[in-house]
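Descriptive analysis of the structure
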Amino acid sequence: MPESPILKVSDLKVTFATRQGPLRAVDGLSFEVAPKEVVGIVGESGSGKSVSMYSMLGLVRDANVSITGSVKFNGREILGLSDREMQPIRGGEIGMIFQDPMTALTPVYTVGWQIIEQLRAHTTMTKAQARERAIELLAEVGIPDPRTRVDNYPHEFSGGMRQRVVIAMALSCNPKLLIADEPTTALDVTTQAQILDLMSKLQETYNSSIVIITHDMGVIAEMAHRVVVMYAGRPAEIGDEIDVVRQPRHPYTWGLLGAVPRVESRNDRLATIPGNAVSPLDIPEGCAFADRCEYRMDICTKRPQLQGDHGHLDACWLTDEQRVSIRSKATP
Amino acid sequence: MLSFTLRRALSALLVLFAISIAVFLIFFATPGVDPAARIAGRSASPATLAHVRAAFGLNRPIFIRYLLMMDHLFIKRDLTSYVNVGLKVVPQVLKAAPITLALVSGAAAIWLTMGIFGGIVAAANRGKFIDPLVMFIGIAAVSVPAYWLGEVVNLITQSRLHSSVFSWVPSGGYVSLTQNPFEWALHLLFPWLTLAALYAGIYARVLRAELVNAMNEDYVRTARAKGLSERRILIRHALRCSLISIVSLFGLDFGALIGGAALLTEVVFGLPGVGMLTYTALQNLDLPVIMACVLYGSFFVVLANAVVDVLYAFLDPRVRVA
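Residues numbered from 1 in each chain as written. Chains lettered and ligands numbered in written order. Predicted model: local features only at pLDDT ≥ 70, side-chain atom pairs only at ≥ 80, totals over all residues. Heavy atoms only, no water.

**Some words on the sheet that holds strand 4 (residues 65-73) of chain A**
All names here are of chain A. Test applied: Pairing between two strands requires that DSSP report at least two bridges joining them. Runs of E in the DSSP output that reach at least two residues are strands. Runs of H or I that reach at least four are helices, and both are numbered from the N terminus. Contact definition: two residues touch when any of their heavy atoms are within 4.5 Å. A fitted line through C-alpha atoms serves as each axis, taken over the contacting stretch for helices, and the angle formed by two N-to-C directions is quoted from 0 to 180°.
Spatially, four strands are ordered 2-1-4-5 in an open sheet, and the strand pairing comes out antiparallel. On the outer flanks of this sheet lie strand 2 (21-33) and strand 5 (76-77), each paired with one strand and no other. Note: strand 1 (residues 7-18) against strand 2, 10 bridges, orientation antiparallel. Its bridge partner being in strand 2, Leu12 is matched across the sheet by Leu29. The strands touched by helix 1 (residues 49-56) within the sheet are strand 1, strand 2 and strand 4, with strand 1 carrying the most contacts at an inclination of about 105°.

**Remarks on the interface of chain A and chain B**
To keep things clear, this is the line we draw: Two parts placed together each lose some accessible area under a 1.4 Å probe, and adding up what both lose gives the buried area. The salt bridge definition used is simple: a Lys or Arg side-chain nitrogen within 4 Å of an Asp or Glu carboxyl oxygen. Under the rule applied, a polar contact is a pair of N or O atoms within 3.5 Å (in protein, one hydrogen donor and one hydrogen acceptor; residues adjacent in sequence only if both atoms are side-chain atoms).
Facing 27 residues of chain A, the contacting portion of chain B comprises 22 residues. Together chain A and chain B conceal approximately 2300 Å² of surface at their shared face, both sides included; 57% is due to carbon and sulfur atoms. Applying the counting criterion to the chain A and chain B interface returns three salt bridges. Put simply, Glu117 of chain A and Lys226 of chain B hold a salt bridge, and the shortest N to O gap is 2.8 Å. The interface formed by chain A and chain B holds 14 residue pairs in polar contact (both at pLDDT 80 or more) in total.

**Some points on the nonpolar core**
Keep this limit in mind: Among buried residues, those of type Ala, Val, Leu, Ile, Met, Phe, Trp, Tyr and Cys that are joined through side-chain atoms within 4.5 Å constitute a nonpolar core. Accessible area is worked out with a 1.4 Å probe on protein chains only. A residue is then buried under 20% of its type maximum, exposed over 50%, and partly exposed in between.
Counting 98 residues, the largest nonpolar core has Leu7 and Phe31 of chain A as the members making the most contacts within it. Discounting chain neighbours no more than four positions away, the residues touching Leu7 of chain A are Phe31, Glu32, Val33, Met56, Val71, Lys72, Phe73, Leu177 and Val211 of chain A. Counting 83 residues, the second-largest nonpolar core is a separate cluster that includes Val52, Leu195, Tyr203 and Tyr219 of chain B.

**Looking at the environment of Ala204 of chain B**
Among the secondary structure elements, Ala204 of chain B is positioned in helix 8 (residues 181-214). Ignoring anything within four residues of it in the chain, the contact list for Ala204 of chain B reads Gly115, Gly118, Gly119 and Met135 of chain B.

**Brief notes about the environment of Ala102 of chain B**
All names here are of chain B. Relative to the assigned elements, Ala102 resides in helix 5 (residues 89-124). Along the chain, Ala102 and Pro288 lie 186 residues apart, while their C-alpha atoms are 25 Å from each other. Ignoring any residue separated from it by four or fewer positions in sequence, one finds Ala102 in contact with Tyr174, Trp184, Leu188 and Trp192.

**Looking at the packing of aromatic side chains**
The test is simple: Pairing of aromatic rings covers Phe, Tyr and Trp, the last through its six-membered ring, and needs centres within 6.5 Å; plane angles under 30 degrees mean stacked, over 60 mean edge-to-face, and all others mean tilted. Lysine and arginine charges are scored as sitting over a ring when NZ or CZ, respectively, is within 6 Å of the ring centre and within 35 degrees of the ring normal.
Using the criterion set out here, one finds 18 aromatic pairs over all chains in the structure. For the ring pair Phe24 of chain B and Tyr66 of chain B, a centre distance of 5.5 Å and an interplane angle of 75° mean the geometry is edge-to-face. One end of the pair, Phe24 of chain B, is in helix 1 (residues 2-28); the other, Tyr66 of chain B, is in helix 4 (residues 62-75), and 42 residues separate them in sequence. For the pair Phe24 of chain B and Tyr66 of chain B, one class covers both residues: buried. The rings of Trp111, Tyr199, Tyr203, Phe250 and Phe254 of chain B are connected pair by pair, giving a single aromatic cluster. The ring of Phe157 of chain A is capped by Arg149 of chain A, whose NZ or CZ atom sits 4.2 Å from the centre of that ring.

**A closer look at the pattern of salt bridges**
All names here are of chain B. Tallying each qualifying case throughout the model produces 23 salt bridges over all chains. The partner of Glu230 in a salt bridge is Arg224, and the shortest N-O contact between them spans 2.8 Å. Residue classification places Glu230 among the partly exposed residues on the basis of a relative accessible area of 26%. Using a relative accessible area of 6% as the deciding quantity, one classes Arg224 as buried.

**Some words on the pairing of strand 4 of chain A**
Residues and elements named next belong to chain A. Alignment of strand 1 against strand 4, held across eight bridges, turns out to be antiparallel. Residue pairing for strand 4: Val9 is matched across the bridge by Val71. When strand 4 meets strand 5, the two strands line up antiparallel, connected through two bridges. Considered in strand 5, the bridge of Lys72 is made with Glu77. Adjacent in sequence and paired antiparallel, strand 4 and strand 5 are bridged by two residues, among which Asn74 carries a positive phi angle near 55°.

As structure tokens, this is what we get:
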């Protein structure tokens, strides 16, 4: 990639001190986001996807948390900045979209008020200008009759419409990076597709990079250019979307892809990954996925490092030959 | 918003009507009590009794009796005290009401200011030394009974230090606002503080808990992700949403206090308010006065609740449609 990355995360570790001992929510996450690139972070619940994003922005307000590593935004280290120093970055240069649009907006203010508040926090707009811009933004995210709707309260919108409001707000200051934390999880399926379309469309207009967190491989296939597969707070596989979806290398990714139901398949039962996600309180020394892995070997008690070529990395001890033979057996 | 206010006022009227019936039944339709003897006053002559029976229709059907009683209470306003024969009840209540209103409103202003300030300070400094300190002062103030605190205040300002530091403190009683505003405030200062101390602590504690909850809400995370300052997040987002529960608490407390629950403070400081009136009436079993006080008290509880509901709708847009 010729352009320098807009976001460079290196060896991010997030640990919570709990009564039961240290809880490693994120353990050595590294990835880069190039300008205008869409990076998908995928994994099961509790795999550390959201917490890694929140900790980057200083949104984890737990006194028992310790965050180490490095997060460079536009070449500037942002990990460990004070709230005051982060203020212009949050909302101004990095916009965020949250999982549950039902609770993400303050219930007692109109949506227009909330968008205007953000605009005025980051720009020198007057109230009237900000209001005009808010109406424009609402129109842009596909809210019908924005001039009236701008004065409505969050509870007067449906879930999908509310998520559009949240997106409008996140985009209001033309952020260079948009972080979307499961933006479609709380919505019904038809609305999900609309929101994803909207995000793709806006990404082209605004030229921002996007980090999209999801547990849905379908969302990844639709949106992402690059994919980070996380398991138990560790990256299991990183690569271009086309590589990870077409030629997944890590057994965990095989499981995730197998769990996407397909129209043409005649199976009555949905595929599942056996076992439960490992508790972040006792992640094994070796490969975190070993307990649930069909192909575990003796060496799996040692932790595999991310390796591979052409930007397609994975953390697994299987050799290329083993993978080829496993996959030729698996696919008919 | 206007239609909500009207609907709320209408339902308040219905509640008041129901209360008046309930109170009437309790006081004058209880079997085994001769209401005429109660209304006519202490050691009334048989002639007076007969007159009362006729005037209040005591031998007529119960709903007529109810209507006549309401007529005597609200329209003719000639219901007289049982103890002080000839002393009319309604003007007495109307005379006492402004005193209670002055006491409670002033105290409310103080306790709201102190409670909200204390709650914000504690919540903003959660985990630091100042948070448990504010909460401790709060619980201590809540735990002290009004009559004890009032008496101690009186002891200090009227007796022990009256010749030195507190020589400017008047000796109890009440001066009306129109008569002399300065004396009015001076007479009410310590009653205000005493009453406010009992409530400020509760409000600070409730608000702190609400704020701490609100700061964990998703919308606060959104506000933070928007790049707002911590101060703005606390005041404009968290506090604004937490005020809703403070307002409902306030409505109940304020209504009850105006309705006579400030009795202890009034008695201790010798303020002739509604609480004091109820207190004397209860001691003498002065039935007409007690009934008037109960109706008056319930009126203010209902009124305060209606006002709170309207305020609620103003604060929380979600309520307006309901």
